Amino acid sequence: MGKGKYMIKIACVGCSWTEGVQHDGKPIDKQETYPYALTRWLKQKDINNTVYNAGRAACGISFYPFVTDYLLEEFNTDIFVIQITTHDRSMLMLDPILDKEKKMTFGWDEDDVQYYKVWDNNTNLVHLSPGIGASASKHSDVNQWSDFVKHLWETRIKNRVTPELTYDAFKNYVATWWEQSKDSHYQSYFYYQQTYTLIDHLEALGKKVIPFYWINYKPKLKTNMFPVRQFPSIENLFDDATFKSLQIDNGYHFGKEGNTRLVQEFLGPQVLETMK
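Please read all numbers here as calculations on a predicted model, not as lab measurements.

Attention shifts here to the overall build of the protein. Helix and strand counts for the protein stand at 10 helices and eight strands. In terms of C-alpha radius of gyration, the protein reaches 19 Å, essentially the compact-globule figure of 19 Å for 276 residues. Expressed as lengths along the three principal axes of its C-alpha atoms, the size of the protein is roughly 55 × 45 × 40 Å. Burial analysis of the protein (276 residues in total) assigns 53% to the buried set. Across the protein, the fraction of contacts at a sequence separation of at least 24, relative to all contacts at a separation of at least 6, is 72%. Averaging the positions of the 31 positive and the 34 negative side-chain charges in the protein gives two centres separated by 2 Å.

Given below as structure tokens:
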């Protein structure tokens, strides 16, 4: 697989750590992302490959099945790299007035023959991250994303949904979500259940899956429905000092050096092992 004329296709699904977006919302150059580093690393190993960067900043696990379904239909990728994001994220689903905005939509750019960027073009949902939730709450000192909360309302909701949702109502909804759901049993349960279901469904389709966490922290969960599975984390790949030195902001994001080492020391060898 990947040798000769056959082109192995690898999809990277994740949040901003995969897409290459810093904590302040600014993107890094594509050549600094780990999906791009992966396609170059495999090429150096004489492995024909195409990598699809389907990372989406701020998204949660509940969004992954939608972009994965698109990747299967559009590209029928062979290997899925699943960068498991944190548990404290969700989506606000909307019902736009315009019919053309009601369906899930994605797109892609072919940056070169081996690297594609897959885009979330949906206007019928709002990704809810802890930073956005805290910025909307009166009970939080966080205000970093306050302007972005207003931007979301103006671009996704104002005069676009029915019944009408005022800015204050939207802001209160986001704040309530953040205040009431964080670290709840409900949130933890569906975090694991959705992650495992996605992996199992892909493997049932005959796809190879490489799941990993970025940071060590994971919510505790006790349930009789399924055992909690263990996957590697990038934080554990390095010692504490090195992991911190590779971060380019306070959101655990890597730049070129960190993502290159991630591929060299973990992801690249994992892909090679998967291809055997």
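Now that the structure is up, let's keep going.
With that settled, the discussion passes to the pairing of strand β3 (residues 79–84). Most of β3 sits inside the fold, with six of its six residues counted as buried. Examined bridge by bridge, β3 and strand β8 (residues 208–213) share six bridges and lie parallel to one another. Paired with Val-81 across the bridge in β8 is Ile-210.

Right, let's talk about the sheet that holds strand β6 (residues 115–120) for a bit. Taking strand neighbours across the sheet as the criterion, the six strands line up as β5-β6-β2-β1-β3-β8 in an open arrangement whose pairing is mixed. With one partner strand each, in any of the chains shown, β5 (106–112) and β8 form the two edges of the open sheet. Each strand axis lies, on average, 20° off the axis of its neighbour in the sheet, ignoring direction. Bridge count for strand β2 (residues 49–55) against β6 is three bridges, and the pairing is parallel. Along β6, the bridge assignment pairs Tyr-52 with Tyr-116.

Attention shifts here to the nonpolar core. Membership of the largest hydrophobic core comes to 61 residues, with the highest contact counts inside it found for Leu-71 and Trp-214. Here the element with the most residues in this core is helix α7 (residues 185–204); it accounts for seven residues. For Leu-71, the residues in contact, after removing those within four places along its chain, are Ala-11, Val-13, Tyr-52, Ala-54, Asn-76, Thr-77, Phe-80 and Val-118. Counting 19 residues, the second largest nonpolar core, distinct from the first, contains Leu-92, Leu-94, Trp-153 and Tyr-167.

Rules of the game
- Residues numbered from 1 in each chain as written.
- Predicted model: local features only at pLDDT ≥ 70, side-chain atom pairs only at ≥ 80, totals over all residues.
- Heavy atoms only, no water.
- Helix = DSSP H or I, 4+ residues; strand = E, 2+ residues; numbered from the N terminus.
- Rg over C-alpha atoms; globule rule 2.2 N^0.38 Å.
- Buried < 20%, exposed > 50% of the residue type's maximum accessible area, 1.4 Å probe, protein only.
- Contact = heavy atoms within 4.5 Å.
- Lys, Arg positive; Asp, Glu negative; His and termini not counted.
- Charge placed at Lys NZ, Arg CZ, Asp CG, Glu CD.
- Pairing = 2+ DSSP bridges.
- Axes fitted to C-alpha atoms, helices over the stretch in contact; angles between N-to-C directions.
- Core = buried A, V, L, I, M, F, W, Y, C linked by side-chain atoms within 4.5 Å.

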